[in-house]
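Per-entry structural report
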Amino acid sequence: MTTTTPGPSALRGAVGTARTRIEGREKVTGAARYAGEIPFADLAHGWLVLSTVTRGRILDVETAPVLAMPGVLTVLHHGNAPRLKTDYVGMLGTPPDPTCAVFQNDRVPFAGWPVALVVAETPEEAREAAEALVVTYDSEPHDTALHPDHPGAYPAAGHMPAETEKGDLEAQLAASAFVVDAEYTTPEEQHSMMEPHAATARWEGGRLEVVDSNQGAGWVQGELATMFSLDASSVRVRSEHIGGGFGSKGLRAHQVSAVMAATALQRPVRVVLTRRQTFSLGGYRSPTTQRVRLGAAPDGRLLALEHRSLNQTSTVYEFVEPSAGVARVLYDADAHRTANHVVRLDVPSPTWMRAPGEAPGSFAIEAALDELAERGGIDPIELRLRNEPEVGPVSGLPFAGNNLAACFREGARRFGWADRDPRPGIRREGRWLLGTGTAAASFGAGAAPSTALVTAEADGSFTVRITAADIGTGARTALTLIAADALETAPEQVRVRIGDSDFGPAMIAGGSMGTRSWAWAVTAAAAELRERLAMTTSIPPEGITVRSDTTEALGALARKERHSFGAQFAEVAVDTATGEIRVRRMLGVFAAGRIVNPLTARNQLVGGMTWGISMALHEEAVRDRNTGGHYAPDLAGYHVATHADTPAIEVDWVDDHDPEDPVGIKGVGEIGIVGAAAAVANAVWHATGVRHRDLPIRPDRVLAATGPEPAGGAVDA
Amino acid sequence: MAPAPSSTSSAITLNINGEKHHLPIDHRTTLLDALRERLDLTGTKKGCDQGQCGACTVLVDQRRVVSCLSLAVAAEGREITTIEGVAEGDELHPVQQAFLDLDGYQCGYCTPGQICSAIAVIEEHAAGWPSAVTDDPGPDAGPPPLTPEEIRERMSGNLCRCGAYVSIVQAVARAAEERSAEERPAGEDAAEGHAAGKHTAEEAAA
Amino acid sequence: MREFGYQRAHDINGAVSLLAADPDARYLGGGTNLVDLMKTGVERPALLVDVRELPLDRVEPTADGGLRIGATVTNSDLAVHPEVRRNYPALTQALLAGASGQLRNMATVGGNLLQRTRCGYFTDLSQPCNKRAPGTGCPAVTGEHHNHAVLGASDHCVAVHPSDMGVALTAFDAVVSYESAEGPGEVPLSDFYLPVGDTPHRETALPAGALITHVTLPAAPVAARSRYRKVRERASYAFAIGSVAAALTVEDGRVREARLALGAVASRPWRARAAEAVLVGAPADGATFAAAADAELAAARPLPHNGYKVTLMRNLVVSVLTELAGEDAR
């Protein structure tokens, strides 16, 4: 069909009103079933066994004693597993991570690599047998330490060019009135979604069916079909409710091993990752070391900007955490240089994690901006406003709206920024030093080709089918509102069905592109359906269905710099005697396009900011210096923010309308974390006068920076 | 129940949501796995299986516990309430209703645990229990006001990775206000309590 | 997890005789630590003896004005007990600072004292650990140890005891009563945990198979003005990186009586007797408090990545004592 792109005028009524979630009742009553909770007759349980060496070769998998244990059905490993196809490029333009293509050879490239799957009748039997399985290894020396001058580092393009450069950086730095040259580090961070990965695979009527927890049922279906050399139509993946993803829930070892076992045993097999296993198998955000050099004229105008980032990846898969990318959008300078480098280490493969690149990159650049503001005696907001680019600093393309300044003005007003004394370390309340900080945020607003099916039912209602995923974003509800407006009907008349690869290709829930991409496809199909209905007098019992495909319309979209923007504000309290930091309040004001459902959008933006607190103060996955494996990989060892760490967080948005944009929706999933950690870190500086350039800002780091308190000086009476 | 000392399984009866379930059980089976894998009560979630996230929170003898570190065999003879048992038929528990109205969740996976925990938090507070952030833990101080800070501390055993804490705290506050409004004699106090609850709801939805 | 038998004990002697008959048997209280360790494979008992129905769930006043606490009293019930809140507020604060509301409802007093270290090497079966597998080595000394011991450790083990409750009980001279196959016995909490030395796998002075029955707190008027402060890497639901239980009586500007114990710095709750000696009789001011902290921490032997704990504990001791002295002055 020809895709028409309805203008925003076609949207009315439901979009923009606060609606509770369609599946809310199921979620609060426990009735919503997640992937590991759907019953199957004759279900067998698989338990993965991971390598205990960091690098080497598997010598032997002693299966015989384990096969004799109660309930054990099979043990899959590199010696008996089917060979998989791995030399392909998937839907998202990347080859598969060999970590997911399990049991293909005897190499062990990192600690926690999947070496076997034990399948048994019950989870208890599978676990005991998996723990009893003896695997012997030939261990080899390893390198797991990321440091900024690692000789193996090389420039790498991910979803953007590796390096950009214009102007004479050294000359402009030399000509600058004030300069910042600082190194920043961020640690390994784990998605830690509450639901670990889970999948059940079975063969049903000659078709492979996988019930999974993922961010794109069509994406995983395509990967599995290719990997197992199956016809795409003979594989179906469903993913109805997803207990969080944040980038981690794509193709992983659990689905592939479950398919192998279900094929071998010809019965349904469920594989659920343990929390510990998610640390090496679920992907993670690579640690980064970043160097930022800024030089400015006396009025604060940037003459020189350099942002270089290095991240680690595994020896089997290249993943770039493009931290230097954010500077290509936010700030221009006469000399402008950015570079994303990676180094291959004997570590698990990293992957996308909420705002990949922007999250760590904005910490470095926005902290450096704060340092520059301090050096130049310029207000941090004023400094940013003076450097707002007219066009894309690297691309030269026009912005499809850049409302960063509006965010800062509104945020400053609401936060009370005008009353701020810029001097650090002078406000005290009891044992706490208080400070405030700010930072800018941006995140790309993209869309990817998607298809949708919209059906006019004989009873006057409508059914929308799209391979979308609701990982907690409220997508199901948002698409209902969008479809209702596009069909000029009430939301109650619209049923939205998602999470089933049989509904056709569609963008995944990722990159803050999901809702925008899906909404486009749904509105296109709805528009054509309305045209069809206008020419029809009666609807047949099977209804009238229209299918849309946005490939062509997306291709016609003018090339522009399309982004959400935001201004982050934080107030912190620091006890320099104990190193404790508490965030007292945060405010984020965003320009994030059309807000479909204010209730869920606000929640998601607040969630991103909560991640920012967590990133600034708590999160670090620790790797043992000697073994190179994880230390204490669990939720007691890996700290995410709790209720008690999360203060009242306020979120609002400014009008952000691009008349040329047929959809108008941007994304709210990732912009919330961008700049949030920097705002907290900048507030810690304002409270204490100490710059913390390494995250997380834990008590030990605060204490190391300030040293022992003078006798009796710990408390102001 | 009287297993032979050498037996590694038992036939037990679990009292869950007012209903008795008879089942043979491997002693290794946790209460969490018994609910999810044996009794098809999958509302109770497995987030970490180590007592480190709170997603598996249920009420045992009216007190909140983590079911992942409870053995099913040891739960025999106790009154177990799961998320499936907190509503009165079709009428949601006020805590459930508040989570729904105020969007006190995102992905929903921690939600049953948050709700079970919140139900207990409101009762613990009503019983006068102090918390780690209560200024004066003394017995004569009386129950501290259930401020957002108190709610946050008391709910901290329930992680929410989506970061829905802000709206969860609003939901717990509303449900607690409703409960105390019910307990107060009819009159101005009750009216105020109700109004305050509604106000919170409107603010959150604004 | 290995298969195991399960028995509910209904009387103390019956429980003790079950343990005496089977070296692979363990008592099951709240299970918050034991069940977790069984899942990771650190503990592989053949039999669990559930002690929660034993008549050990009471908190009773003693003749001398102290408290006798049953071993199966939950952490929650102990925390909210009116006499604990009135006479030993630091104990209430320590209990409430521990774990989460759910875990406190499960965890027992006896189990809390017997909980094992959360050292990440101890709980990882793929790693050596002298505490779990004697003679295999201690990877923490050269590895990850930023939350490990600075006091009383050895080259064989640098793990810390994770209890908050135990820190307050240690400050208040608690005594542990037990029943064993050889009969009843008791041991002061200050002698309950064995020195690390070269036997970190031997953790307590309890005879094999003994069951903790009670913990007795002697009357301690000083404890009525006491405080527990815990520093951790997030605001709640985390183990301490340093904690202090302190009680102070000040008369005419001088310290008449002081109790001080430190947490998360050693293989056991650390009674700070050297600090107490400096405090008693000295002016209740910042200089005294700092000198007391320094006296205790003179014995600290930090590792390359946990030196901050010495600073933290010094500052924390001074801060808590200053607060207590300020209250006393009011």
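See the structure shown above.
Now for a quick tour of the structure. Here the structure is a predicted model, which is why all the values come from computation and not from measurement.

Some words on the nonpolar core
Counting residues in hydrophobic clusters, the biggest one holds 169 residues, and the most contacted among them are L294, I365, F569, V572 and M586 of chain A together with L14 and F99 of chain B. In contact with F569 of chain A, not counting residues within four places along its chain, are I381, F408, G411, A412, F415, W417, G437, T438, R585, M586, L587 and A679 of chain A. Listed in part, the 56 residues of the second largest apolar core include L47, A171, F172 and A210 of chain C.

Side note on the interface of chain C and chain B
The partner chain B presents 46 residues to the 42 residues of chain C that form the contact. Both faces considered, chain C and chain B share a buried interface measuring about 3,500 Å² in area, 54% of it formed by carbon and sulfur atoms. A per-residue breakdown of the area chain C buries against chain B is headed by R85, Q102 and Y237 of chain C, which together make up 19% of the total. Where chain C meets chain B, there are 4 salt bridges. If you look at where chain C meets chain B, you find 22 residue pairs in polar contact (both at pLDDT 80 or more). Breaking the side of chain C that touches chain B down by element, the ones donating at least two residues are β1 (5-8), α2 (34-40), β3 (47-50), α3 (75-80), α4 (82-87), α5 (89-97) and α6 (101-106) of chain C. The residue makeup of the side of chain C that touches chain B, split by class, is 16 nonpolar, 15 polar and 11 charged.

Concerning unusual backbone geometry
Cis rather than trans, the peptide bond between L695 of chain A and P696 of chain A has omega equal to -5°. Mapped onto the fold, P696 of chain A is located in the loop between α16 (676-688) and α17 (699-706). A positive phi angle, close to 65°, is found at D49 of chain B, a residue other than glycine. By the element assignment, D49 of chain B lies in the loop between α1 (31-38) and β3 (57-60). The buried category is assigned to D49 of chain B, whose relative accessible area is 10%.

Side note on the pattern of salt bridges
When charged atoms on two side chains of opposite charge get close, those side chains can pair. Following the criterion strictly, the structure yields 98 salt bridges over all chains and no others. Residues E321 of chain A and R285 of chain A are paired through a salt bridge, measuring 3.1 Å at the closest nitrogen-oxygen approach. Highlighted residues: E321 of chain A in the loop between β15 (302-313) and α8 (327-330) and R285 of chain A in the loop between α7 (275-281) and β14 (288-296), separated in sequence by 36 residues. The class of E321 of chain A is buried, set by a relative accessible area of 0%. For R285 of chain A, a relative accessible area of 0% translates into the label buried. Two residues, D24 of chain C and R2 of chain C, come together in a salt bridge whose shortest N-O distance is 3.7 Å. With a gap of 22 residues between them, D24 of chain C in the loop between α1 (12-21) and β2 (25-28) and R2 of chain C in the segment before β1 connect regions that are remote in the sequence. By relative accessible area, R2 of chain C is classed as partly exposed at 30%. The network of salt bridges with shared partners includes R202, E204, R207, E209, R236, R238, D500 and D502 of chain A.

What about the sheet that holds strand β13 (residues 269-272) of chain A?
All names here are of chain A. Judged by pairing direction, the sheet is mixed, and its 7 strands sit side by side in the order β3-β5-β1-β13-β10-β11-β12 without closing on themselves. Strands at the two margins of the open sheet, each flanked by one partner only, are β3 (72-77) and β12 (235-238). When strand polarity is set aside, the average angle formed by the axes of neighbouring strands in this sheet is 20°. In this fold helix α3 (residues 123-132) packs onto β1 (44-50), β3 and β5 (114-120), with an angle of close to 25° to the strand it touches most, β1. Helix-sheet contacts for helix α5 (residues 217-227) involve β11 (207-212) and β12, and the interaxial angle to β12 is about 145°.

What counts and how
Residues numbered from 1 in each chain as written. Chains lettered and ligands numbered in written order. Predicted model: local features only at pLDDT ≥ 70, side-chain atom pairs only at ≥ 80, totals over all residues. Heavy atoms only, no water. Core = buried A, V, L, I, M, F, W, Y, C linked by side-chain atoms within 4.5 Å. Buried < 20%, exposed > 50% of the residue type's maximum accessible area, 1.4 Å probe, protein only. Contact = heavy atoms within 4.5 Å. Buried area = accessible area lost by both parts, 1.4 Å probe. Salt bridge = Lys/Arg side-chain N within 4 Å of Asp/Glu carboxyl O. Polar contact = N/O pair within 3.5 Å; in protein donor to acceptor, adjacent residues only side chain to side chain. Helix = DSSP H or I, 4+ residues; strand = E, 2+ residues; numbered from the N terminus. Nonpolar A, V, L, I, M, F, W, Y, C, P; charged D, E, K, R; others polar. Pairing = 2+ DSSP bridges. Axes fitted to C-alpha atoms, helices over the stretch in contact; angles between N-to-C directions.

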